[in-house]
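# A look at the structure
Next come the chains, spelled out residue by residue.
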Amino acid sequence: MNVEEEVERLKEEIQRLGQIQPDGSYKQNYIISVCDVFKVTFGVLFNDDRCANIFEALVGTLRAAKKRKVVTYDGELLLQGVHDKVEITLKATPA
């Protein structure tokens, strides 16, 4: 899987695990609109079994997505445990 494919899969997983903020009416496993903003903590993403099976290097995929301005989060490098509560935001996609 190339980097672009991994970033696309990351977007899907953030939508699956995340919550629409703050003006959406998101319910788990339902995607309301491509314009909504999803957030998930690094700990939830890192500890999810499905994500563990998809991403060989989750931190590298997150860095690539951040460089492409697909996601935002504080800091450069996220580490398990230390950064479990850091929010990762999937940026809104124009309709």
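The preceding data block contains the structure.
### Concerning unusual backbone geometry
The phi dihedral of Lys69 falls on the positive side, at around 60°, and the residue is not glycine. Residue position: Lys69 is located in the loop between helix 4 (58-67) and strand 3 (71-72). Judged by relative accessible area, which is 60%, Lys69 ranks as exposed.

### Notes on helix 1 (residues 3-17)
With 15 residues, helix 1 extends 21 Å from end C-alpha to end C-alpha; this agrees with the ideal 21 Å at 1.5 Å per step. Among the residues of helix 1, Glu6, Val7, Leu10, Glu13, Ile14, Gln15, Arg16 and Leu17 are the ones counted as buried. For helix 1, the capping residue at the N-terminal end is Asn2, with a side-chain oxygen 3.0 Å from the backbone nitrogen of Glu4.

### Thoughts on the nonpolar core
Of all hydrophobic cores here, the largest spans 22 residues; its most connected members are Leu10, Ile14, Leu45, Leu62, Val71 and Ile88. Put simply, the parts of the chain that give this core at least two residues each are helix 1, strand 2 (37-41), helix 2 (42-47), helix 3 (49-54), helix 4 and strand 4 (87-90). Not counting chain neighbours up to four residues away, the residues in contact with Leu62 comprise Leu10, Phe42, Leu45, Val71, Tyr73, Leu78 and Ile88.

### Re the pattern of salt bridges
Counted according to the given criterion, the structure contains seven salt bridges. For Arg16, the salt bridge is made with Asp48, and the minimal N-O distance between the two is 2.4 Å. Residue Arg16 is found in helix 1, and its partner Asp48 is found in the loop between helix 2 and helix 3; the two are separated by 32 residues along the sequence. Overall, Arg16 belongs to the buried group, its relative accessible area being 18%. Ionic pairing is found between Lys39 and Glu87, a salt bridge with its closest N-O pair at 3.6 Å. Remark: Glu87 occurs in strand 4 and Lys39 occurs in strand 2; sequence separation between them is 48 residues. The exposure class of Lys39 is partly exposed, given its relative accessible area of 27%.

Conventions used here
Residues numbered from 1 in each chain as written. Predicted model: local features only at pLDDT ≥ 70, side-chain atom pairs only at ≥ 80, totals over all residues. Heavy atoms only, no water. Helix = DSSP H or I, 4+ residues; strand = E, 2+ residues; numbered from the N terminus. Buried < 20%, exposed > 50% of the residue type's maximum accessible area, 1.4 Å probe, protein only. Expected span 1.5 Å × (residues − 1). Polar contact = N/O pair within 3.5 Å; in protein donor to acceptor, adjacent residues only side chain to side chain. Core = buried A, V, L, I, M, F, W, Y, C linked by side-chain atoms within 4.5 Å. Contact = heavy atoms within 4.5 Å. Salt bridge = Lys/Arg side-chain N within 4 Å of Asp/Glu carboxyl O.

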